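Understanding the architecture of this molecule
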Amino acid sequence: MSKSFEGISFKDKKEAELLLKECRDRIDEIDNELFDLISQRTSLAKDIALCKEYIGMPIYDKSREEDIHKKIEKFSEENGLDVDIVNQIVDMLTILNKNEQKEILRRNVNGQY
């Protein structure tokens, strides 16, 4: 018996299980890429923190974060993604970077850089 869901048709359970495995394998690959990108993004915190310190800027840059959220909202709407959830993800990434910047500046003050 063939079942069809939103354009995907399976001739049997084995075919659906195979597609499920392929999708999960691809999600694992994407997760690895995301973790690598998060690591790269966070590694920029040192340069950003030291630049901000030299310029005399605080770690929190309201206008930069507002610009990021405007960009996120546009991207989310264009791609049919939940704006609130994508904003939460970006907020978490921003917190991760700000915490890293604070730690870098703390170490810099203590003479470790």
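Everything here concerns the structure above.
The structure reproduced in this document is the subject of the present report. Quick caveat: nothing in here was measured; it's all calculated off a predicted structure.

Each value, and the rule that gives it
Position numbers for residues start from 1 in each chain and track the written sequence from start to end. Local features in this predicted model are restricted to residues whose pLDDT is 70 or higher, and side-chain atom pairs enter the listing and the counts only when it is 80 or higher, whereas totals over whole chains, interfaces and linings include all residues. Computation of side-chain values covers all heavy atoms of the structure but excludes hydrogens and water. Here a strand is any run of E in DSSP of at least two residues, a helix any run of H or I of at least four, and the numbering for each starts at the N terminus. In this setup the radius of gyration rests on C-alpha atoms only. A globule is expected at 2.2 Å times the number of residues raised to 0.38. Contact between two residues is taken to exist if any of their heavy atoms lie within 4.5 Å; hydrogens are not considered. Only the protein chains shown count as covering a residue, and every accessible area follows the Shrake-Rupley method with a 1.4 Å probe. In this charge count, Lys and Arg are treated as positive and Asp and Glu as negative; neither His nor the chain ends contribute. A charged residue contributes its charge at one atom only: NZ of Lys, CZ of Arg, CG of Asp or CD of Glu. Helix span is expected to be 1.5 Å times the residue number reduced by one. For each structure, a 1 Å grid was placed over the protein atoms alone; sets of points admitting a 1.4 Å probe that cannot get out are labelled cavities, open sets with protein on both sides within 12 Å along at least five of seven lines are labelled pockets, and lining residues have an atom within 4 Å of a point. Grid points are joined across faces, edges and corners, and a volume is the space filled by probe spheres set on the points. Residue polarity is assigned by list, with Asp, Glu, Lys and Arg as charged and Ala, Val, Leu, Ile, Met, Phe, Trp, Tyr, Cys and Pro as nonpolar; anything else, Gly included, falls into the polar class. Think of each axis as a best-fit line through the C-alpha atoms, taken over the contacting stretch in the case of a helix, with angles from 0 to 180 degrees between the N-to-C directions. Small angles under 35 degrees read as roughly parallel and large ones over 145 as roughly antiparallel, with 65 to 115 read as roughly perpendicular and the rest as oblique. For any helix crossing, the convention is left-handed if the near helix is rotated counterclockwise from the far helix by under a right angle, and right-handed if that rotation is clockwise.

Let's talk about the overall build of the chain
Of regular secondary structure, the chain possesses 4 helices and 2 strands. Whereas a compact globule of 113 residues would reach a radius of gyration of roughly 13 Å, the chain reaches 21 Å, over 25% beyond that. Dimensions of the chain, computed from the C-alpha atoms along their principal axes, are close to 70 × 30 × 15 Å. The contacts of the chain with a sequence gap of at least 6 include a subset with a gap of at least 24, amounting to 52%. For the chain, the computed accessible surface area is about 9100 Å², with 57% contributed by carbon and sulfur atoms. Considering the chain, the positive charge centre built from 19 side chains and the negative charge centre built from 25 side chains are found 3 Å apart.

Observations regarding helix α3 (residues 62-78)
Compared with an ideal rise of 1.5 Å per residue, which puts 17 residues at 24 Å, α3 spans 24 Å between its outermost C-alpha atoms and is within 8% of the ideal. The inward-facing, buried residues of α3 abut α4 (83-109). Once α3 finishes, G80 follows within two positions and takes phi at roughly 65°, a positive value.

Describing the layout of surface pockets
Approximately 320 Å³ is the volume attributed to the largest pocket. Around the largest pocket, the lining residues are R41, R64, I68, K71, I72, F75, L81, I85, V86, I89, V90 and L93. Split into classes, the residues belonging to the lining of the largest pocket amount to 9 nonpolar, no polar and 3 charged. Roughly 270 Å³ of internal volume is contained in the second largest pocket. What lines the second largest pocket is a set of 14 residues, and nearest its centre among them are I48, R64, I68, N97 and Q101. At the level of secondary structure, the elements contributing two or more residues to the lining of the second largest pocket comprise α2 (45-55), α3 and α4. Tallying contributions element by element places α4 first for the lining of the second largest pocket, with 4 residues. Here the lining of the second largest pocket is composed, by residue class, of 5 nonpolar, 3 polar and 6 charged.

Looking at the packing of helix α1 (residues 13-43) against α4
Direction vectors running N to C along α1 and α4 enclose 40°, while the axes themselves pass 9 Å from each other. Classified by the interaxial angle, the pair formed by α1 and α4 is oblique. Here the hand of the crossing between α1 and α4 comes out right-handed. Packed against α1, whose contacting residues are I38, R41 and T42, the element α4 presents L93, T94, L96, N97 and E100 at the interface. Classifying every residue of the contact of α1 with α4 gives 3 nonpolar, 3 polar and 2 charged.

By themselves, these observations are geometric and do not establish any function.
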